[in-house]
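A closer look at the structure
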Amino acid sequence: MLHCFATQAMACRFEIVLESGNPVWAAAVAEDALAEICLWDRKLSRYDSASDVSRLNRDAWQRPVRVDGEMFALLALCRQGTDLTGGLFCPLGTPAVTLELDPIAGTVCFVRHADADPTSSPWHGLNMGAIGKGWALERAATVLRQHGVTCALLHGGTSSVVAIGAPQPQNDPDHAPGWRIRIGEDAAALAEATAGESLVIPLNDESLSVSAHHGRSGGHVIDPRSGELIRPVASAAGTVPESQVQAAATSAVVHSSGAWSEIWSTALLLDPQALPSPPAAALPPADPSFAAVRAAGGWRTIHDRRVRLTPSSATHRPHLEGSSNV
Amino acid sequence: MFDLSRREFVASSAGALAAMAILPDLSRAATMLAGPVNVALVGCGRQGRAIIAELAKIENVKLLAVCDLDQARSEAAGKRAQGAQSFTDIKAMLDKVKDIAAVIIATPTHLHKEPVLAAIAAGKHVYCEAPMAHTVADAKAIATAAAGTKTIVAVGFEGRSNPVYKLARSFFRSDAVREAIAIESKQFQKTTWRFPGNDPAREAAANWRLDKAVSLGLPGEWGSHAFDVGMWYTDRIPQKVRGFGAIRLHADGRAIADTVHCDLIFAEGLRMQFDGSLGNSYEGRYELFRGANAAIKLGWTHGWMFKEADAPTQGWEVYANRQQFHNDEGITLIADATKLASQGKLKDGVGLPYSSLYYALSDFVGAVDAGKAPACDAAAGLRSTVIAIAAAQATAENSEIAINPADLKI
């Protein structure tokens, strides 16, 4: 039997769906995992003056700031992500500032490059938005696994998803086992989507991150390398020359790690060629198993180490299939 | 040069200075210790994890060792604490790690006594999470041991070290609020309070808060912190406690109420109400002090004052930061207001820069470092714990219990 639990954190709704014959046990397990998400919400919020991120944004300019081991690990991952994506993923929002980490002292500080032009690279502070969701979901999934959960789906705001195991297959030879996630612009568009316009991704012990420009004309995503507004393909099509089109409208990345799937989906949204070629050239733990971008002509797979991807024309199984509305 | 608006300039030069004149020692800043303080942690559950995270923020504090009866939890905490040695036995830890100066006890409430007494016997300073114990006998044993040692014994009633609460208390005790009319406190969170366990023994141990034999329930685990704030603000101890409890949502075989109401009855008709529930989250957690001139609302990292129309104007509040609450406008209580205003950052002062737990731990290690009394010593901790125990009993029995003055004395 499937049970659903939810909490509000990081300005969105987090949900956990898990399979269990014991509703009391399921509630206790899910609550422990949701508490983990709330804990990271309190650490990463820019709107809570007592959060770690607020403290860093206040003090890390002036001196190295001590953080706990878990926060340090997340910041180290951010630094690695920034390096591997050539600055496309950058929670600092500008190449003019570097996150300096001292693993011996467990401290963090922000260093502004001496030659940086402060007018062209405005600093808005550390922002752990997307990676925070992926990280928190990953930690929550670890809590569920520690309690013996073997089949569950977790998501934050539908754009960040982590799957544990897979639901029982339903004698359908066309579908590999997995939690089947359909990606589209919004619920209405999903309902009318034709093959190629939406993407169905089965997840089995994996994470999915979907990044998008949220449909604003002209786009609202800023390239942290240049500080310039990025024009997504879909919104720009027909209004600007093809040569000025810089980014994808939507990107989707599957990875064993929730945090890494966020890093790559952010990078690919800004630059569909961001993935190192061949991807295995990247550090193995950072290598995604699947990546796709949606441009004017529909979805385009740019990297696939999986064999389970299926088109959207597949049979709909509503009780097992979630949707990612970005 | 600071960029001050006229409003902030006036606040810094007149109003906030006036406030600071009556409010010394209300720093919201990080603690700076003179020398390193080596600490150990006993109890590595959820609260222990929060303590590890807060200790990491205090300069010059080193967490040398962690201890939990559950080996997996102890080892996980050791990793989180970046290299702390992990133990499953407190005596082994105290024998082996000689440099420990202070021990923080974050075991379940009914398991505080043994590690606290062991640490005191070993000559260590002790921070004991609140409430101190689940029985008057255990609480008195801890307080008696604390009275007989030269080391510092602090109890984790966090309100007493919280800068917003200290600031608000100085208002409460001044003419700004005047006669206390009534005190209310609420704590609501939709949660089962149940922890999963992979085997019956572990599950039973993890769910001590749902065990009628050892748990003080909502009045003890949540209400005790509010009771302590009420008693600290008024410098009074209730004469009687009334309680009512019911299981309104989680009918899963538990015997502990998930929704409670307690009345602490002081002399001269003053009452403090506590409402707590595990069935609904609205309004979260706060304390409200109603006075003849103003009401003060406290939300752990935030505080507000709501003035009556006929209350005397004190000057500074004209320039204070304000927030709207439905039909009322609250003056935001900001610790370090003078300093922040002089830097043009008065609005940045809304909300504390650290958690309430951080300030409690900082106060403790600061007391160890400076050899001074902690914000909440064992004698104060005993009084609030005894009231919480009475409130838990009254709630379990739906009855009224008179406080025995002998229970409050060491």
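Let us look at the structure shown here. (Residues numbered from 1 in each chain as written. Chains lettered and ligands numbered in written order. Predicted model: local features only at pLDDT ≥ 70, side-chain atom pairs only at ≥ 80, totals over all residues. Heavy atoms only, no water.)

**Comments concerning helix 7 (residues 258–270) of chain A**
In this model helix 7 of chain A runs 19 Å from its N-terminal to its C-terminal C-alpha over 13 residues, within 8% of the 18 Å that 1.5 Å per residue would give. Taken across its 13 residues, helix 7 of chain A has twelve buried, putting it largely inside the fold. (Helix = DSSP H or I, 4+ residues; strand = E, 2+ residues; numbered from the N terminus. Expected span 1.5 Å × (residues − 1). Buried < 20%, exposed > 50% of the residue type's maximum accessible area, 1.4 Å probe, protein only.)

**Here we look at the packing of aromatic side chains**
The relative placement of two aromatic rings is captured by the distance of their centres and the angle of their planes. The tally for this structure, following the rule as stated, stands at 15 aromatic pairs over all chains. Ring centres of Phe 227 of chain B and Phe 274 of chain B lie 5.8 Å apart, and the angle between their planes is 85 degrees; on these two criteria the pair is classed as edge-to-face. Highlighted residues: Phe 227 of chain B in helix 9 (residues 217–234) and Phe 274 of chain B in strand 10 (residues 271–277), separated in sequence by 47 residues. Taken together through their ring pairs, the aromatic side chains of Phe 172, Trp 232, Tyr 233 and Phe 289 of chain B make up a single cluster. One cation-aromatic arrangement involves Arg 139 of chain A over Trp 135 of chain A; the distance from NZ or CZ to the ring centre is 3.7 Å. If you follow Arg 285 of chain B out to its NZ or CZ, it ends over the ring of Trp 300 of chain B, 3.9 Å from the centre. (Phe/Tyr/Trp six-rings, centres within 6.5 Å; stacked < 30°, edge-to-face > 60°. Lys NZ or Arg CZ within 6 Å of the ring centre and 35° of its normal.)

**Thoughts on the sheet that holds strand 6 (residues 152–156) of chain A**
Residues and elements named next belong to chain A. Pairing within the open sheet is antiparallel, and its eight strands lie in the order 1-2-6-7-10-11-12-13. The open sheet is flanked by strand 1 (2–9) and strand 13 (298–304), the only strands paired with a single partner. On average, each strand axis in the sheet is tilted by 15 degrees relative to the strand beside it, whichever way the strands run. In terms of strand pairing, strand 6 meets strand 7 (residues 160–164) through five bridges, oriented antiparallel. Looking at strand 7, one finds that His 155 is bridged to Val 161. Helix 1 (residues 23–44) contacts strand 1 and strand 2 (12–19) of the sheet and is inclined by roughly 25 degrees relative to strand 1. (Pairing = 2+ DSSP bridges. Axes fitted to C-alpha atoms, helices over the stretch in contact; angles between N-to-C directions. Contact = heavy atoms within 4.5 Å.)

**Thoughts on the nonpolar core**
The nonpolar side chains of soluble globular proteins are, as a tendency, buried together. Of all hydrophobic cores here, the largest spans 114 residues; its most connected members are Met 93, Ile 296 and Met 305 of chain B. Per-domain counts for this core show at least three residues from each of domain 1 (37–160) and domain 2 (162–352 + 378–408) of chain B. Ignoring anything within four residues of it in the chain, the contact list for Ile 296 of chain B reads Ala 168, Phe 171, Phe 172, Val 177, Glu 287, Leu 288, Phe 289, Trp 304, Met 305 and Leu 333 of chain B. Counting residues in hydrophobic clusters, the runner-up holds 69 residues, among them Met 10, Val 162, Trp 260 and Ala 267 of chain A. (Core = buried A, V, L, I, M, F, W, Y, C linked by side-chain atoms within 4.5 Å. Domains from an automatic or database assignment.)

**As for helix 12 (residues 378–397) of chain B**
Residues and elements named next belong to chain B. An ideal rise of 1.5 Å per residue puts 28 Å on 20 residues; helix 12 measures up with 28 Å between its terminal C-alpha atoms. Of all 20 residues making up helix 12, 15 are buried, and the element is well covered by its neighbours. The backbone nitrogen of Ala 379 lies 3.2 Å from a side-chain oxygen of the residue at the head of helix 12, namely Asp 377. (Polar contact = N/O pair within 3.5 Å; in protein donor to acceptor, adjacent residues only side chain to side chain.)

**So, the interface of chain B and chain A**
Opposite the 27 residues of chain B that make contact, chain A presents 29 residues. Roughly 2200 Å² is buried in total at the junction of chain B and chain A, and carbon and sulfur atoms are behind 45% of that figure. A per-residue breakdown of the area chain B buries against chain A is headed by Arg 49, Lys 57 and Pro 196 of chain B, which together make up 26% of the total. In this structure, the connection of chain B to chain A is made through six salt bridges. For the interface between chain B and chain A, the tally reads 16 residue pairs in polar contact (both at pLDDT 80 or more). (Buried area = accessible area lost by both parts, 1.4 Å probe. Salt bridge = Lys/Arg side-chain N within 4 Å of Asp/Glu carboxyl O.)

**Examining the pattern of salt bridges**
As a working rule, side chains carrying opposite charge can pair if their charged atoms are close by. As enumerated under the stated definition, the model contains 30 salt bridges over all chains in all. Between Glu 70 of chain A and Arg 80 of chain B there is a salt bridge, and its shortest N-O distance comes to 3.1 Å. In this pair, Glu 70 of chain A is assigned in helix 3 (residues 69–84) and Arg 80 of chain B in helix 3 (residues 71–80), connecting two distinct chains. What makes Arg 80 of chain B partly exposed here is its relative accessible area of 25%. Across the salt bridge formed by Lys 186 of chain B and Asp 275 of chain B, the nearest N and O atoms sit 3.1 Å from each other. Highlighted residues: Lys 186 of chain B in strand 7 (residues 180–188) and Asp 275 of chain B in strand 10, separated in sequence by 89 residues. Note on Lys 186 of chain B: relative accessible area 15%, which makes it buried. Via salt bridges that share partners, Lys 43, Asp 52, Arg 55 and Asp 68 of chain A together with Glu 54 and Lys 57 of chain B belong to a single interconnected network.

**Some details on the sheet that holds strand 2 (residues 61–67) of chain B**
Residue and element names in this part refer to chain B. Spatially, 3-2-1-4-5-6 is the arrangement adopted by the six strands of the open sheet, whose pairing is parallel. Each edge of the open sheet is held by one strand with a lone partner, namely strand 3 (85–87) and strand 6 (153–156). For this sheet, the mean angle separating the axes of adjacent strands, direction not counted, is 25 degrees. With four bridges joining them, strand 4 (residues 102–105) and strand 5 (residues 125–129) adopt parallel strand pairing.

**A short note on unusual backbone geometry**
Peptide bonds are trans in most cases, and residues, glycine excluded, mostly fall at negative phi. All names here are of chain B. Here the amide bond leading from Ala 130 into Pro 131 is cis, since omega sits at -5 degrees, within 30 degrees of zero. Assignment of secondary structure puts Pro 131 in the loop between strand 5 and helix 6 (136–147). A positive phi angle, near 80 degrees, is found at Glu 283, a position not held by glycine. Checked against the element boundaries, Glu 283 lands in the loop between strand 10 and strand 11 (285–291). Overall, the relative accessible area of 39% leaves Glu 283 in the partly exposed class. Despite not being glycine, His 326 has its phi angle at roughly 50 degrees, a positive value.

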